[in-house]
Amino acid sequence: MKVLGIETSCDETAAAVIEDGVKIISSEIASQIELHARYGGIVPEVASRQHMVSIIPVISKAMNKAHIGWHELSCIAVTRGPGLAGSLLVGTSIAKSIAAVKQLPLIGINHLEAHIYANWLSNQKPEFPLLCLIVSGGHSDLVLMQDHGKYTVLGRTRDDAAGEAFDKAARILGLGYPGGPAIDRAATKGTVSIDLPYAWMKGTYDFSFSGLKTALFRLVEKDKIKNMADAAFSFQRVVVDILVSKTIAAAKLHRVKQVLLSGGVAANRRLRQQLKEDSPIPVLIPEPVLCTDNAAMVAACGYFCLQANTTHGFDMDVVPNLKLNQVNN
Ligand code: KG4
Ligand code: ZN
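Novice: Lay out the pairing of strand β5 (residues 106-110) with the relevant residues and their values.
Specialist: Burial analysis of β5 places 5 of its 5 residues in the buried class, the great majority of the element. Across the two faces of β5 the burial is the same, with Leu-106, Gly-108 and Asn-110 and Ile-107 and Ile-109 all buried. Relative to β5, strand β4 (residues 73-81) runs parallel, the two sharing 5 bridges. Counterpart to Thr-79 in the pairing with β5 is Ile-109. The parallel pair β4 and β5, bridged by helix α3 (residues 85-102), forms a crossover whose chirality is right-handed.

See below:
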């Protein structure tokens, strides 16, 4: 069963063809990083206009590389939220058009759920119950997953998401955009630990990184930071220590079989290494290109939604603040 996935929620225009939810046949990503770098962050209107320019060529490339015709697809899966409204509208409009003309089922995908499903594209398959830490530009969510489509959010960010914290810290340190990869790179050259505050949010599985960002800003303001690599190293250490230790504590408490990592920040080398080293429970992490935004994860998620008969009508709207659909327990 082949699914075409389409992703335009933020600043990557992506399309992919996936077989049986687990095998990548083709995956194309047109990044807008260079376009937004001059502004130091994503400009929503610029993003949606660039999606308009890139979307047809990206879908055509994914279909051509997959060597399949439209009639061989089982459905079209497209991100409907969370994300930037204008960007989401480009992807959903084209997905509806293709589904209408080619008479294919349409599935609106939750972008956070898609990030989790990137883990089904690894060689080893996840086992339930599992715990997934989703760390992206807009989210830091600790999610317990009992089965396909069954989620309980144990904790989330109270202020800045992990990726947002990386991006803001990089701006404070003058390391450029996008901040996550810039800090990841700079941190490898850092050796001296600078004292920064840990917000443990004791008694909860929630996260808070805005105090850490402010502490870093105050040190820069007072000219107390002499070496940017040491600052990047120290900032990354605090974020990773908190993410890893809370994830492992929740995984042990809920006796899960597997710990998953996903979202753009899951590309961070220290986070990947420390979680694998410290967790007594087996850890699965997608390869870095499947951690940041892509359409392969959207198509993988679409396959499992189709198995559960979850499809959408042509009146489907985008939902910029879409949440994970939680089970009641
Ligand atoms: O999942 P994603 O591509 O888009 C959203 O859904 O938000 O995540 C983007 C975030 C950005 O904040 C970016 O700085 C961060 O992921 N990121 C990283 C790394 N690569 C991307 N953060 C830390 N280390 C990295 N290597
Ligand atoms: Zn994302």
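Once you've had a look at it, read on.
Novice: Let's hear about the sheet that holds strand β8 (residues 150-155): which residues, and what values?
Specialist: Taking strand neighbours across the sheet as the criterion, the 5 strands line up as β8-β7-β6-β9-β10 in an open arrangement whose pairing is mixed. Either end of the sheet is taken by a strand with one partner, and the two such strands are β8 and β10 (283-284). Each of β6 (130-135), β9 (258-262) and β10 is contacted by helix α9 (residues 269-278), which is oriented at about 175 degrees to β9, the strand it contacts most.

Novice: Requested: an account of the packing of helix α6 (residues 179-187) against helix α8 (residues 228-253), with residues and values cited.
Specialist: The interhelical angle for the contact between α6 and α8, taken along N-to-C directions, is 110 degrees, at an axis separation of 8 Å. Comparing their axes, α8 and α6 come out roughly perpendicular. Here α6 and α8 pass one another in a crossing that is left-handed. Between α6 and α8, the residues in contact are Ile-183, Asp-184, Ala-186 and Ala-187 and Ala-229, Ala-232, Phe-233, Phe-235 and Gln-236, respectively. Considered class by class, the residues forming the contact of α6 with α8 number 7 nonpolar, 1 polar and 1 charged.

Novice: Give a description of α3 that names residues and reports values.
Specialist: When the terminal C-alpha atoms of α3 are compared, their 25 Å separation across 18 residues agrees well with the 26 Å that a helix rising 1.5 Å per residue should span. Buried within α3 we find Ser-87, Leu-88, Val-90, Gly-91, Thr-92, Ile-94, Ala-95, Ile-98 and Ala-99.

Novice: Any chance you could break down the packing of α8 against α9 for me, citing the residues and the numbers?
Specialist: The interhelical angle for the contact between α8 and α9, taken along N-to-C directions, is 40 degrees, at an axis separation of 10 Å. Pair α8 / α9 crosses with right-handed handedness. In this structure, α8 contributes Phe-233, Gln-236, Arg-237, Val-240, Asp-241, Leu-243, Val-244, Thr-247 and Ile-248 to the contact, and α9 contributes Arg-270, Leu-271, Gln-274, Leu-275 and Asp-278. Partitioning the contact of α8 with α9 into residue classes produces 7 nonpolar, 3 polar and 4 charged.

About the cut-offs
- Residues numbered from 1 in each chain as written.
- Chains lettered and ligands numbered in written order.
- Predicted model: local features only at pLDDT ≥ 70, side-chain atom pairs only at ≥ 80, totals over all residues.
- Heavy atoms only, no water.
- Buried < 20%, exposed > 50% of the residue type's maximum accessible area, 1.4 Å probe, protein only.
- Helix = DSSP H or I, 4+ residues; strand = E, 2+ residues; numbered from the N terminus.
- Pairing = 2+ DSSP bridges.
- Right-handed = clockwise from strand over helix to strand, strands pointing away.
- Contact = heavy atoms within 4.5 Å.
- Axes fitted to C-alpha atoms, helices over the stretch in contact; angles between N-to-C directions.
- Parallel < 35°, antiparallel > 145°, perpendicular 65-115°, else oblique.
- Left-handed = near helix turned anticlockwise from the far one by under 90°.
- Nonpolar A, V, L, I, M, F, W, Y, C, P; charged D, E, K, R; others polar.
- Expected span 1.5 Å × (residues − 1).

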